Amino acid sequence: MSDEKRRRRRNRKTRSMPRPTAEPDMVVGPVEQGPDLDLIAGEDGDPDHVVEPENALPTVTLDDLPESIREACHRAGWQDLMPVQQHTIPYVLAGRDLMIQSRTGSGKTGAFLLPILDRLDPDLAECQVLILVPTRELCQQVQSQAEVLAPKGVRTVAVYGGTGYGPQLDAFRKGAHMVVGTPGRVLDHLLRGSLRLDHIQFLVFDEADRMLSMGFYPDMRKVKRYLPDRPRDGYMFSATFPYHVMRMAGEFLKSPDMLSLSRDRVHVAEVEHQVYVVPDMKKDRALVRLIELENPTAAIIFCNTKAEVSYVALILQRFGYDADALSSELRQRDRDKVLKRVRSGKLRFLVATDVAARGIDITEISHVIQYEVPEDPEIYVHRAGRTGRAGAGGKAITLAYTMEKVRLSHIRDTYGIDFEEKEPPTDENVEKIVSERLIALLEARLRQLNHLEQERLRRFLPLAKHLAEHEEEISLLAMLLDESYQKSLHAPVLGEEAPPEEPAEDDSGSDEEGDGGRASGGRGGGRKRKRRRRRGEN
């Protein structure tokens, strides 16, 4: 198609698009209703935009709050409340469950700490507040701020993996009122019986979208089993509220209200549009780092040419990712096989051209990554429309060289899409997030070991200590960690809930066949199952 034909076609399409009436939670812009696009959401540019519940409570100032909260702010050196605190604190003081959309650095930690610390009972030496966070750094930050804001006699503890249990157990024995922790380590303590939630009054999720991208969802579901079956106050803070975060809110909170203070107006059915400007000839490395950082549930990666599709798919596969290519060169049978894997959740990364991706309608796509900026703005619209379907949220991420920013400006001007430009992740960023994720995965696997498996593991503790203490041999440990992490790249981010955990059985007893104390899952059990199958066949 010539440039002139594209221009005329685009102008006709834009003139025919209805412009919807502006509503509080709606972003006005050209909207094409069709098989390839549900909603293109842009940023309204209003930094003071607030979406409140229907029965909204009035905002507060520092002077409106009880003296105890004012004293806490004085200890922290705060002269005034930030907007997220002015809007959120009344709901927490009123005991109304709430989902709060606010960016990192907006003052959201104080928004829940101030009123919760004022409401808990310091005379009850039990865990009354559980705050779940995605990383050890955030865990330390929240607990440190709680130490400053807490009145005399209130005890807090930070609970996270990759460190010893001793100080955490001591804090529980002394009666910590507030526990701030990552889901995996909190679950560890619940399973050990060192932490009990019988007296919990407040449950807070901080940066919920990041917790899900870290792979904590199965652990969070297991933590839920330890929550008492009685009313409690719940609050969920997140920069974005895509479908899976909303689903989690429905599981843990009771009829929560929605309060949005994000200038991006990211709502349930919207798509975030992000751009990473990368150095020339380094897109492949930037793509790998980006995937590590975002950890998509499932993604389509668009390229402009078949050759680039093959190259990108090969790069991802060599890095260990569960990726496959889809181009017009594939036979229909092979194409159907690839699409079946995507729809069934067995393929996380699909690399495709625009032509090959026509007709794809998959609601589980959380990310669309544009490895190359399309020449035609209309193609961007169709690509971005692959995510954010059926009421779910999503991200449309573009990797661009500096010279390609002109095309992005054309897309922005044509469809009113305001891109959020972000710095490409560094190796240090990726190393930190991967380490946190791997610790969580390994701790989850350790919890699943039965008595016999734990006994086998203990044989290697002296060897592991020896390897860790000798620099020339530590590469052996790194190799094992890498193998374990690579396996996780082929697993779904949002795992299904595992069946309730039962106490591990004593594996020292003999099985039915008296096979020398061998467990029924050993060879003896295997022979017995084979004989049964033979009898069934006969």
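Note that the structure is predicted; figures quoted are calculated from it, not measured.

Let us now look at the overall build of the chain. The helix and strand inventory of the chain stands at 20 helices and 14 strands. Taking the contacts inside the chain whose residues are at least 6 apart along the sequence as the reference set, 76% of them involve residues at least 24 apart. Carbon together with sulfur atoms contributes 50% to the accessible area of the chain, which is approximately 27,200 Å² in total.

Inspection of the secondary structure puts D284 in helix α11 (residues 283-294). Comment: no salt bridge for buried D284; closest opposite-charge side chain is R285, at 5.4 Å. Engagement of the side chain of D284 in a polar contact is seen with the side chain of Y311, the distance being 2.6 Å. The residues contacting D284, other than those within four sequence positions of it, are Y311, I315 and Y371.

Reading across from one edge, β3-β4-β2-β5-β6-β1-β7 is the order of the seven strands in this open sheet, with parallel pairing throughout. The two strands at the open ends of the sheet, each matched to only one other strand, are β3 (156-159) and β7 (257-260). Strand-to-strand, the axes of this sheet are offset by a mean angle of 15 degrees, without reference to chain direction. Across the sheet, helix α10 (residues 243-252) touches β1 (98-101), β5 (202-205) and β6 (233-238), and the angle it forms with β6 is around 170 degrees.

This part covers the packing of aromatic side chains. For the coordinates displayed, the defined rule picks out four aromatic pairs. Each ring, one from F112 and one from F237, has its centre 5.2 Å from the other, and the planes form 55 degrees; the classification is tilted. Within this pair, whereas F112 is found in helix α4 (residues 108-119), its partner F237 is found in strand β6, the two being separated by 125 residues in sequence. Overall, the relative accessible area of 0% leaves F112 in the buried class. The residue whose ring lies beneath R185 is Y165, and the NZ or CZ to ring-centre distance is 3.9 Å. Seen from the ring of Y371, K283 lies directly overhead, with NZ or CZ sitting 5.7 Å from the centre.

Moving on: the pattern of salt bridges. Tallied over the entire structure, the rule returns 24 salt bridges. Notably, a salt bridge pairs R383 with D354, separated by 2.7 Å at the nearest N-O pair. One end of the pair, R383, is in helix α14 (residues 377-384); the other, D354, is in the loop between β11 (349-352) and β12 (367-370), and 29 residues separate them in sequence. Members of the salt-bridge network, linked through shared partners, are R185, D188, D219, E443 and R447.

Turning next to the pairing of β1. Where burial is concerned, the two faces of β1 agree: the one with L98 and I100 and the one with M99 and Q101 are both buried. Note: β1 against β6, four bridges, orientation parallel. Note on β6: the bridge partner recorded for I100 is F237. Two strands pair when backbone bridges link them, and β1 and β7 are joined in this way by four bridges, in the parallel orientation. Within β7, the position partnered with Q101 by the bridge is S260.

Here the chain averages 79 in pLDDT, and 78% of its residues register 70 or above. Here residues 5-47 scores under 50 on pLDDT; set against residues more than four positions off or in separate chains, the count is 78 contacts. Long-range and interchain partners of residues 495-538, a stretch whose pLDDT sits below 50, account for 36 contacts in this model, where long-range means more than four residues apart.

Counting 67 residues, the largest nonpolar core has L130, F205, M236, L287, I301 and L316 as its most contacted members. In this view, L287 contacts I301, V312, L316, I369, Y371 and L399; residues no more than four positions away in its chain are not counted. Judged by nonpolar contacts, the second largest core, of 40 residues, contains L62, L98, V133 and V154.

This paragraph deals with the sheet that holds strand β13 (residues 394-400). What the seven strands build is an open sheet, ordered β10-β11-β9-β12-β13-β8-β14; its pairing is parallel. Here the strands that pair on one side only, and so sit at the sheet edges, are β10 (323-326) and β14 (420-422). Strand after strand, the sheet turns through a mean of 25 degrees between neighbouring axes, direction not considered. As defined by bridge partners, β12 adjoins β13 across four bridges and the pair is classed as parallel. Within β13, the residue paired with Q370 across the bridge is T398. Packing of α14 onto the sheet brings it into contact with β8 (271-277), β9 (299-302), β12 and β13, and relative to β12 it is tilted by some 150 degrees.

Cut-offs and rules
- Residues numbered from 1 in each chain as written.
- Predicted model: local features only at pLDDT ≥ 70, side-chain atom pairs only at ≥ 80, totals over all residues.
- Heavy atoms only, no water.
- Helix = DSSP H or I, 4+ residues; strand = E, 2+ residues; numbered from the N terminus.
- Contact = heavy atoms within 4.5 Å.
- Areas by Shrake-Rupley, 256 points an atom, 1.4 Å probe, with all protein chains shown as cover.
- Buried < 20%, exposed > 50% of the residue type's maximum accessible area, 1.4 Å probe, protein only.
- Lys, Arg positive; Asp, Glu negative; His and termini not counted.
- Salt bridge = Lys/Arg side-chain N within 4 Å of Asp/Glu carboxyl O.
- Polar contact = N/O pair within 3.5 Å; in protein donor to acceptor, adjacent residues only side chain to side chain.
- Pairing = 2+ DSSP bridges.
- Axes fitted to C-alpha atoms, helices over the stretch in contact; angles between N-to-C directions.
- Phe/Tyr/Trp six-rings, centres within 6.5 Å; stacked < 30°, edge-to-face > 60°.
- Lys NZ or Arg CZ within 6 Å of the ring centre and 35° of its normal.
- pLDDT = per-residue confidence, 0-100.
- Core = buried A, V, L, I, M, F, W, Y, C linked by side-chain atoms within 4.5 Å.

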